[in-house]
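Understanding the architecture of this molecule
If you want the building blocks of each chain, they are given just below.
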Amino acid sequence: MMRGPFISLEGIDGAGKSSHLAALADALRAAGRSVLLTREPGGTPLAEKLRQLLLHERMDVLTEVLLVFAARRDHIVQVIAPALARGDVVLCDRFTDASFAYQGAGRGFDREELSKLELLAQTGIAPEPDSMLQPDLTLWFDLPAELAAERLAGVRAPDRFETEPQAFFARVARGYAERAAQSGGRMVRIDAAQQREQVAAQMLAAVAARGWLEGARGG
Ligand SMILES: Nc1ncnc2c1ncn2[C@@H]1O[C@H](COP(=O)(O)OP(=O)(O)OP(=O)(O)O)[C@@H](O)[C@H]1O
Ligand SMILES: Cc1cn([C@H]2C[C@H](O)[C@@H](COP(=O)(O)O)O2)c(=O)[nH]c1=O
């Protein structure tokens, strides 16, 4: 069986990823595909425990980096790789681009060290142990930090990341832009400042362009 497509959604907090995930899953299911919806940090019992620590406990940046990649490794081994091997579409709310944007650009953690951890955590996985697992497509919801702050104001109690100042999110947004420029077309920019309907249309167009919304039943 052919490996399923791996799609991640990225962007600063409040960019609108979660608002559009369900519609994308519905569109893929309507095309006859099995869809696994998951998120990072999280997606397994162990990684969800690490998520709670990451979102609510104070820690230094190296500890944060190590926990993010530990959660990711468990998530890949337990959930993502088996789903892809079954031929499912994996829709993941954040993946490694978030580590480069938040820990790298946001907190100033060394990008070369992040690249080493990326290689370590994302290789050695059957059926292709020698290649590094990466999303096939990343939908990058690009929104200026001030607009994201306006959208999030009063919506929910902020977690440890969401209490960071706007300057932090401006750095994170630039980190995503840099990562996108180096992604060789894997990351597709979605103008998240537009109205919901237009954001959804951009997202579906990017997925349709890969042929993943064409009927999968009986194909
Ligand atoms: N295009 C849009 N226009 C206006 N408001 C929007 C738009 N998209 C989402 N919102 C609103 O912005 C807020 C943040 O959206 P959402 O929770 O989807 O962002 P997110 O990227 O998933 O954030 P986080 O990563 O922090 O969970 C929500 O209140 C949502 O209803
Ligand atoms: C994967 C990943 C996530 N983060 C941060 C980014 C967000 O602030 C939180 C997750 O919260 P969300 O409501 O699910 O968006 O975690 C990070 O800093 N590094 C990462 O690799």
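Here the structure is shown first, and the text comes after it.
The sections below set out a description of the structure shown in this document. The structure displayed is predicted, hence computed values, not measured ones. Each chain carries its own residue numbering, running from 1 in the direction its sequence is written. To label them, take the chains in the order written and letter them from A, then take the ligands in the order written and number them from 1. The model is predicted, so local features are restricted to residues of pLDDT at least 70 and side-chain atom pairs to those at 80 or more, both for listing and for counting; the totals for chains, interfaces and linings are taken over all residues. Working from all heavy atoms in the structure, the side-chain values ignore hydrogens and water.

**Here's the deal with the site of ligand 2**
This is how the line gets drawn: We call a residue near a molecule or strand when any one of its heavy atoms sits within 4 Å of it. Distance and chemistry together define a polar contact, namely a pair of N or O atoms within 3.5 Å, with one atom able to donate a hydrogen and the other to accept it when in protein, and with adjacent residues in sequence counting only for side-chain atoms on both sides. Note on areas: Shrake-Rupley with a 1.4 Å probe; residue coverage comes only from the protein chains shown. Helix numbering and strand numbering both begin at the N terminus, where a helix is a DSSP run of H or I of at least 4 residues and a strand a DSSP run of E of at least 2. Classification used: nonpolar for Ala, Val, Leu, Ile, Met, Phe, Trp, Tyr, Cys and Pro, charged for Asp, Glu, Lys and Arg, polar for all others including Gly.
Taken together, 13 residues lie near ligand 2, and Asp13, Arg51, Arg94, Ser99 and Gln103 sit nearest. Arg51 is positioned with one of its side-chain polar atoms (N or O) 3.0 Å from an oxygen atom of ligand 2. Side-chain polar atom of Arg72 to an oxygen atom of ligand 2: 3.1 Å apart, as the coordinates give it. Coverage of ligand 2 by the protein chains reaches 93% of its 480 Å² of free accessible surface. Where the shell around ligand 2 is concerned, the elements lending two or more residues are helix H2 (45–56), helix H3 (61–86) and helix H4 (96–106). The greatest single-element share of the shell around ligand 2, amounting to four residues, is contributed by H4. Considered class by class, the residues forming the shell around ligand 2 number six nonpolar, two polar and five charged.

**Quick notes on the sheet that holds strand S5 (residues 187–191)**
For clarity, the threshold we go by: Strand pairing is assigned whenever DSSP detects at least two bridges linking the two strands. Here, axes are lines fitted to C-alpha atoms. For helices the fit covers the stretch in contact, and angles between N-to-C directions go from 0 to 180 degrees.
Spatially, five strands are ordered S2-S3-S1-S4-S5 in an open sheet, and the strand pairing comes out parallel. Since the sheet does not close on itself, it has two edges, and those belong to strand S2 (35–39) and S5, each with one partner. Along the sheet, successive strands turn relative to each other by an average axial angle of 20°, direction set aside. By the bridge criterion, four bridges tie strand S1 (residues 6–10) to strand S3 (residues 89–93) in an arrangement that is parallel. Residue Phe6 lies in a different strand from S3, and its bridge partner there is Val90.

**Notes on the pattern of salt bridges**
As a reminder of what qualifies: Each salt bridge in this description consists of a side-chain nitrogen of Lys or Arg and a carboxyl oxygen of Asp or Glu lying within 4 Å of one another. Relative accessibility thresholds used throughout: buried, under 20% of the residue-type maximum; exposed, over 50%; partly exposed, between the two (1.4 Å probe, protein chains only).
Taken as a whole and assessed by the stated rule, the structure comprises 16 salt bridges. We note a salt bridge from Lys17 to Asp93, for which the minimum N-O separation is 3.9 Å. Of this pair, Lys17 sits in helix H1 (residues 17–30) while Asp93 is found in strand S3, placing the two residues 76 residues apart along the sequence. Given the relative accessible area of 6%, Lys17 is considered buried.

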